[in-house]
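Analysis of the macromolecular model
Residues per chain are reported as follows:
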Amino acid sequence: MDALQHLYRRLDNRVRGLSRLSYALLVGLISAVAVFAVRSLLPGNGSFGPIAMGVSMTVVYYALDPNNTT
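Residues numbered from 1 in each chain as written. Predicted model: local features only at pLDDT ≥ 70, side-chain atom pairs only at ≥ 80, totals over all residues. Heavy atoms only, no water.

1. What to know about the packing of helix α2 (residues 20-41) against helix α3 (residues 48-64)
This is how the line gets drawn: Axis definition: a line fitted to C-alpha atoms, over the contacting stretch in the case of helices. Angles run 0 to 180 degrees between N-to-C directions. Only DSSP runs of H or I reaching four residues or more are called helices, and only runs of E reaching two or more are called strands; each is numbered from the N terminus. By definition in this entry, angles of less than 35 degrees are roughly parallel, angles greater than 145 are roughly antiparallel, angles of 65 to 115 are roughly perpendicular, and the rest are oblique. The crossing is said to be left-handed when, going from far helix to near helix, the turn is anticlockwise and less than a right angle, and right-handed when the turn is clockwise. The contact definition used throughout considers only heavy atoms, calling two residues in contact when any of these lie within 4.5 Å. Under the scheme applied, nonpolar residues are Ala, Val, Leu, Ile, Met, Phe, Trp, Tyr, Cys and Pro; charged residues are Asp, Glu, Lys and Arg; polar residues are all the others, including Gly.
Axis separation between α2 and α3 bottoms out at 7 Å; the angle between their running directions is 155°. By the angle class used here, α2 and α3 are roughly antiparallel. Crossing handedness for the pair α2 and α3: right-handed. Here α2 contributes Arg 20, Leu 21, Tyr 23, Ala 24, Leu 25, Val 27, Gly 28, Ser 31, Ala 32, Val 35 and Phe 36 to the contact with α3, which in turn contributes Gly 49, Pro 50, Met 53, Gly 54, Met 57, Thr 58, Tyr 61, Tyr 62 and Ala 63. Along the lines of polarity and charge, the residues of the contact of α2 with α3 split into 14 nonpolar, 5 polar and 1 charged.

2. Considering the pattern of salt bridges
Going by this rule: The salt bridge criterion pairs a side-chain nitrogen of Lys or Arg with a carboxyl oxygen of Asp or Glu, the two atoms within 4 Å. Three labels apply to residues, based on accessible area from a 1.4 Å probe with only protein chains included: buried if under 20% of the type maximum, exposed if over 50%, partly exposed otherwise in between.
Considering all chains together, one arrives at 2 salt bridges under this definition. Asp 12 serves as the salt-bridge partner of Arg 16, at 3.2 Å between the closest nitrogen and oxygen. Taken together, the positions of Arg 16 and Asp 12, both in helix α1 (residues 2-16) and 4 residues apart, correspond to about one turn of that helix. Its relative accessible area of 52% is what places Arg 16 among the exposed residues.

3. Regarding α2
Rules: An expected span of 1.5 Å times one less than the residue number is assigned to each helix. It is the directions from the helix axis to the C-beta atoms whose arc is reported.
Taking 1.5 Å per residue as the helical rise, α2 with its 22 residues ought to reach 32 Å, and the 32 Å between its terminal C-alpha atoms agrees with that figure. Those residues of α2 lying buried are Tyr 23, Ala 24, Val 27, Gly 28, Ser 31 and Ala 32. Buried positions in α2, seen along its axis, are confined to an arc of 165° and lie on one side of it. Opposite the buried face of α2, at more than 90 degrees from it, the exposed residues are Leu 29, Ile 30, Val 33, Phe 36 and Leu 41. Tucked into the core, α2 has its buried residues touching α1 and α3.

Interpretation in functional terms is not warranted from these geometric data alone.
Below, the structure written as C-alpha cells:
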C-alpha cells in the first residue's frame, strides 16, 4: 500500500509540474481515450463523441488553468 501511495505522489507531482498547455493536452487525451473505450463497449458507431470530448476538455482546462497556484 505504501508503494502505491508513493507511486501516486510521484505521478501527481510530475503532472502538476507540467505547463498549462501540456496539462490541458494530457487531460484532453485521457478524456478522449476514456470516452472511446466506453463508446466501443456500446452498440452503434460514431467517432465524433471522443473527439468532441477531448477537444472540449482541452479547451476548458487550458482556459480555466486548474493548476494555477497564484
